[in-house]
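A look at the structure
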There are 2 protein chains.
Amino acid sequence: MADAFSFHLLATDGAARRGEIVTPHGRVATPAFMAVGTQATVKGLAPDAVRAAGADIVLANTYHLMLRPGAERIAALGGLHRFMNWPRAILTDSGGFQVMSLSGLRKVEDDCVTFRSHLDGTMVELSPERAVEIQDLLGSDIAMQLDECVRLPAAHAELRRAMLLSLAWAARSKRAFEQAPPGRALFGIVQGGDDPALRLESARTLVDIGFHGYAIGGLAVGEPQEVMLRTIGEVAPVLPADRPRYLMGVGTPEDLIEAVARGIDMFDCVLPTRNGRHGLAFTRFGPINLKNARHADDPRPLDEASSCPVARDYSRAYLHHLVKANEMLGAILLTTVNLAYYQELMGGTRGAIAAKEFDAFRHSIKEGWERGDLGSL
Amino acid sequence: MADAFSFHLLATDGAARRGEIVTPHGRVATPAFMAVGTQATVKGLAPDAVRAAGADIVLANTYHLMLRPGAERIAALGGLHRFMNWPRAILTDSGGFQVMSLSGLRKVEDDCVTFRSHLDGTMVELSPERAVEIQDLLGSDIAMQLDECVRLPAAHAELRRAMLLSLAWAARSKRAFEQAPPGRALFGIVQGGDDPALRLESARTLVDIGFHGYAIGGLAVGEPQEVMLRTIGEVAPVLPADRPRYLMGVGTPEDLIEAVARGIDMFDCVLPTRNGRHGLAFTRFGPINLKNARHADDPRPLDEASSCPVARDYSRAYLHHLVKANEMLGAILLTTVNLAYYQELMGGTRGAIAAKEFDAFRHSIKEGWERGDLGSL
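Residues numbered from 1 in each chain as written. Chains lettered and ligands numbered in written order. Predicted model: local features only at pLDDT ≥ 70, side-chain atom pairs only at ≥ 80, totals over all residues. Heavy atoms only, no water.

1. As for the side chain of Asp147(B)
All names here are of chain B. Basically, it comes down to this: Only DSSP runs of H or I reaching four residues or more are called helices, and only runs of E reaching two or more are called strands; each is numbered from the N terminus. Throughout, exposure labels follow a simple rule: accessible area from a 1.4 Å probe, protein chains only, divided by the maximum for the residue type, with under 20% read as buried, over 50% as exposed, and the rest as partly exposed. Residues counted as positive are Lys and Arg, residues counted as negative are Asp and Glu, and His and the chain ends are not counted. What makes a salt bridge here is a side-chain nitrogen of Lys or Arg within 4 Å of a carboxyl oxygen of Asp or Glu, nothing more. The contact definition used throughout considers only heavy atoms, calling two residues in contact when any of these lie within 4.5 Å.
Position of Asp 147 among the secondary structure elements: in the loop between β10 (142–144) and α7 (156–177). This buried residue, Asp 147, is left without a salt bridge; Arg 199 holds the nearest opposite charge, at 8.2 Å. Dropping the residues within four chain positions of it, Asp 147 is found in contact with Ser 94, Gly 96, Met 100, Ser 166, Trp 169, Ile 189 and Gln 191.

Structure representation (structure tokens):
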């Protein structure tokens, strides 16, 4: 019998938290970064490579999978874990964010959102209940409620409408989830844009409804970093200490460190994978753009002290060549390096929090970025 | 001190040969299939994955590497093995074939071929001497003479002119190669199209000049399979038994088996990698086109008895999904399966020749292909 979902807070250092999530598909050390596996694959990496880069958990997108290959089909094939050959934990989003960002035509009503599929143009309905059902069919370990995410800046009335709708959908999601197989988790999502009062109302009401974990949505959608961090700092203290906190769709390495400092436990973001496909490496020395001609004759590895073999075994000259020649291997190797760096960074926060040295860690990490690429010479 | 190039004929069964090539970068069991690493990468696979698929040796293309990133640059970075992080044997072609097939504008003269780079339009000269020099700079274990390859069908006079030019270039290549660092090998290339007399004249003259190994070029360039196999059957007996024989740019699994039956030791071809990127898997049951909708709900692996984990661990439904969704992982997994299948096929020929059971092996392999995909149900 697989373990049921639970969260254990193991250590704190200031607001920063070191914990562990138990899921039916294994444990997740927090703070945790979730690689994005939109279409049931982390782009460019086989599951063993994702694991080798240090991942305990990946995220998959309900919107994409409901449209192709279809949730019922994945269920008939034994669920998403078996489908994508990833035996560890999976979190699925609810599909709401992609409906807003990818589908050209959509109509949000109290009952559900109706949208046009970006694949074949058919009209599709997604309700809070259907979003839960789809995630049941996929069999993810952590499901997310359907919410409405508003781009910033936005008018107060619009932020309030979407926040209240998301709360109503949260309550319906919870009721629907009571039919789900046991052991899995459902997270609520705090909305409210950049308005502190709306954020607090959203967070407090969600806590009253009661979820296995709480996400902060609607950030990294156009606002300055300081607004994002201020909002996290206001919302996190309202959330129960014994439940994991997930900052959705964030972010840069600096965003992650600063959010951990404010009490966030989980992250997902396309940056390490998408930027890897576009020639950018994240390293201890900050980002390195391998497209740049200055790397063409550089025999040095990206980081000879990295835990990632790719960062040690390939020269910058070779990576530059692969990127310039548009070879798949360039995307594969840089995706690997970037995921490993994100995981190494999360591992660093975990060690530092346990040792009560988080501030020193945060400081030294930022020093490395500021010294920059050539500082390693 | 690395071993110098040598070839050891270990067993024969009819005309089929089991052997071993020793190179400065390790041993190559023959019959051998060389994965194509055109731009210093086997498309989609890191070197450890190429090795895991069973490869002792890869091929890289002089034409591409001389244009980008440049042979002198690779030499300054420590040579091609270090550049691409592949510590095993490498064969480089001479660039001649790509000059003919990729470069829009070219002029073949006695001295050299002048062509327009497909990358930046500059005019580039390639002589037999420069082709040897470039391969020295790359540091490949096996270098090929510059030759002129003619598409079939072609007029006798044209075949004869190109064959004689290739012979003249063979002699010049050998003289140039005498300056190369010791231990490496230079192969001559038999030309002459589909004309038996020209082929024999080419082969006999090359043997008189003397090379470490002999390639048959100018096949799989438009002629029927029976013409290719007849030509191999005529040329191979003229080549010395104690030197490896390399059939360039061939081919399908059936081509390989039939060429081994006629005394060929080495092959290279883009089919397993290119077809893998286009959704086609080579298996014991013949080719399987994963684009086909009939795979959408099929939970079966490609081949549960394969030595390749990818062929065992992923469902056809998932591979179909990846291919339809245009995900990199589809290309990666099918490239892996195909290279492993080609290597498994070569391993099968080696075992069968050693056991003097090559005809039975050839028969049973073809039976598997004829039973087809659904025969595995």
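2. With respect to the layout of surface pockets
Selection criterion: The definitions used throughout rest on a 1 Å grid laid over the protein atoms alone, on which a cavity is an enclosed set of points accommodating a 1.4 Å probe that cannot get out and a pocket is an open set flanked by protein within 12 Å on both sides along at least five of seven lines; lining residues are those having an atom within 4 Å of a point. Grid points are joined across faces, edges and corners, and a volume is the space filled by probe spheres set on the points. When residues are grouped by polarity, Ala, Val, Leu, Ile, Met, Phe, Trp, Tyr, Cys and Pro land in nonpolar, Asp, Glu, Lys and Arg in charged, and all others, Gly among them, in polar.
The calculated volume of the largest pocket comes to roughly 1,100 Å³. Looking at the largest pocket, it is lined by 47 residues, and the ones nearest its centre are Ala46(A), Asp48(A), Ala49(A), Asp48(B) and Ala49(B). Of all the secondary structure elements, the ones that give two or more residues to the lining of the largest pocket are α1 (47–52), α12 (309–313) and α14 (328–354) of chain A together with α1 (47–52), α12 (309–313) and α14 (328–354) of chain B. In terms of residue count, α14(A) provides more of the lining of the largest pocket than any other element does, seven residues in total. Here the residues of the lining of the largest pocket are counted per class, giving 29 nonpolar, 10 polar and eight charged. The computed volume of the second largest pocket comes to approximately 830 Å³. Surrounding the second largest pocket, 36 residues form its lining, Phe97(B), Gln98(B), Gly249(B), Asp268(B) and Val270(B) being those nearest its centre. Contributing elements (two or more residues each) for the lining of the second largest pocket: α5 (96–102) and α11 (271–277) of chain B. Of the residues assigned to the lining of the second largest pocket, the class counts are 14 nonpolar, 15 polar and seven charged.

3. A look at the sheet that holds strand β6 (residues 89–92) of chain A
Residue and element names in this part refer to chain A. Condition: Note: two strands are recorded as paired if DSSP finds a minimum of 2 bridges between them. To obtain an axis, a line is fitted to C-alpha atoms, over the contacting stretch when the element is a helix, and the angle between two such axes runs from 0 to 180 degrees between their N-to-C directions.
Read around the barrel, eight strands follow the order β4-β5-β6-β10-β11-β12-β13-β14 and close on themselves; strand pairing throughout is parallel. Adjacent strand axes in the sheet meet at a mean angle of 25°, parallel and antiparallel pairs treated alike. Bridging between strand β12 (residues 213–216) and strand β13 (residues 245–247) involves three bridges; their strand directions are parallel. Directly across from Ile 216, in β13, lies its bridge partner Leu 247.

4. Focus: unusual backbone geometry
Residue and element names in this part refer to chain A. In this model, Thr 30 is joined to Pro 31 through a cis peptide bond whose omega is 0°. Along the chain, Pro 31 falls in the loop between β3 (26–30) and β4 (32–36). You will see that Ala 220, though not glycine, has its phi angle at about 55°, which is positive. Among the secondary structure elements, Ala 220 is positioned in the loop between β12 and α9 (225–235). A residue is classified by how much of its surface remains accessible, and Ala 220, at 42% relative accessible area, is partly exposed.

5. Here's the deal with the relation of the copies chain A and chain B
To keep things clear, this is the line we draw: Copies overlap after least-squares fitting; the atoms used are the C-alpha atoms of residues with pLDDT of at least 70 in both.
Expressed as a screw transformation, the operator carrying chain A onto chain B has a rotation angle of 180° and an axial translation of 0.0 Å, and the superposed copies differ by an RMSD of 0.0 Å. As the rotation angle and translation indicate, the two copies are arranged about a two-fold axis. Residue Met328(A), judged by its C-alpha, is the member of chain A lying nearest the rotation axis, at 4.0 Å.

6. Quick notes on the sheet that holds strand β3 (residues 26–30) of chain B
Residues and elements named next belong to chain B. The strand order across the open sheet built from three strands is β1-β2-β3, with neighbouring strands paired in antiparallel fashion. Each having just a single partner strand, β1 (6–13) and β3 make up the two edges of the open sheet. On average, each strand axis in the sheet is tilted by 15° relative to the strand beside it, whichever way the strands run. The pairing of strand β2 (residues 16–23) with β3 spans five bridges and is antiparallel.

7. Quick word on the interface of chain A and chain B
Counted only if it meets this: Two parts placed together each lose some accessible area under a 1.4 Å probe, and the buried area is that loss summed for both. N or O atoms closer than or at 3.5 Å make up a polar contact, with two conditions inside protein: a donor-capable atom paired with an acceptor-capable one, and, for residues adjacent in sequence, both atoms drawn from side chains.
The partner chain B presents 34 residues to the 34 residues of chain A that form the contact. Each partner contributes to the roughly 2,900 Å² buried at the junction of chain A and chain B, and carbon and sulfur atoms together form 59% of this total. Of all residues in chain A, the largest losses of buried area upon contact with chain B belong to His321(A), Glu327(A) and Met328(A), amounting jointly to 20% of the total for that side. For the interface between chain A and chain B, the tally reads four salt bridges. Note that Lys43(B) is salt-bridged to Glu327(A), the shortest N-O span being 2.5 Å. In this assembly, chain A and chain B are joined by 14 residue pairs in polar contact (both at pLDDT 80 or more).

8. Comments concerning the nonpolar core
Side chains of a nonpolar character, in soluble globular proteins, are inclined to be buried together. Threshold: We define a nonpolar core as any set of buried Ala, Val, Leu, Ile, Met, Phe, Trp, Tyr and Cys residues linked to one another through side-chain atoms lying within 4.5 Å.
Counting residues in hydrophobic clusters, the biggest one holds 212 residues, and the most contacted among them are Leu80(A) and Leu80(B). Once residues within four sequence positions are removed from consideration, Leu80(A) is found in contact with Ala40(A), Ala60(A), Leu65(A), Ile74(A), Ile90(A), Thr92(A) and Leu138(A).

9. Let's talk about the packing of aromatic side chains
Quick reminder of the rule: Only rings of Phe, Tyr and Trp enter the pairing, Trp through its six-membered ring, and a pair is recorded when the two centres are within 6.5 Å. The plane angle decides the type: under 30 degrees is stacked, over 60 is edge-to-face, the rest tilted.
Enumeration according to the criterion identifies 16 aromatic pairs over all chains in this entry. Taking 4.9 Å as the distance between ring centres and 80° as the angle between the ring planes, the aromatic pair formed by Phe83(A) and Tyr318(B) counts as edge-to-face. You can see Phe83(A) sitting in helix α4 (residues 80–84) and its partner Tyr318(B) sitting in helix α13 (residues 316–324), one on each of two chains. Judged by its relative accessible area of 2%, Phe83(A) is buried. You can call Tyr318(B) buried: its relative accessible area is 1%. With centroids separated by 6.2 Å and ring planes inclined at 85°, the aromatic side chains of Phe211(A) and Tyr214(A) adopt a geometry described as edge-to-face. In this structure, Phe211(A) and Tyr214(A) share a single accessibility class: buried. By the ring-pair criterion, three or more aromatic residues cluster together here, those being Phe33(A), Phe282(A) and Tyr342(A).

10. Quick notes on the confidence of the model for chain A
Detailed conclusions should not be drawn from predicted coordinates in areas where pLDDT is low. In plain terms, the rule: One number per residue, pLDDT, summarises how confident the predictor is, and it ranges from 0 to 100.
In this model, chain A carries an average pLDDT of 96, and 98% of its residues clear a pLDDT of 70 or more. Scoring the predicted complex yields pTM 0.97 and, for the interface, ipTM 0.97.

11. What about the pairing of strand β2 (residues 16–23) of chain A?
All names here are of chain A. The buried fraction of β2 is high, at seven of eight residues. Two elements, strand β1 (residues 6–13) and β2, share seven bridges in a ladder whose sense is antiparallel. Along β2, the bridge assignment pairs Ser 6 with Val 22. Remark: two residues form the turn of the hairpin made by β1 and β2, two consecutive strands paired antiparallel; Gly 14 in that turn has positive phi of roughly 65°. If you look at the hairpin formed by β2 and β3, you'll find two residues sitting between the two strands.

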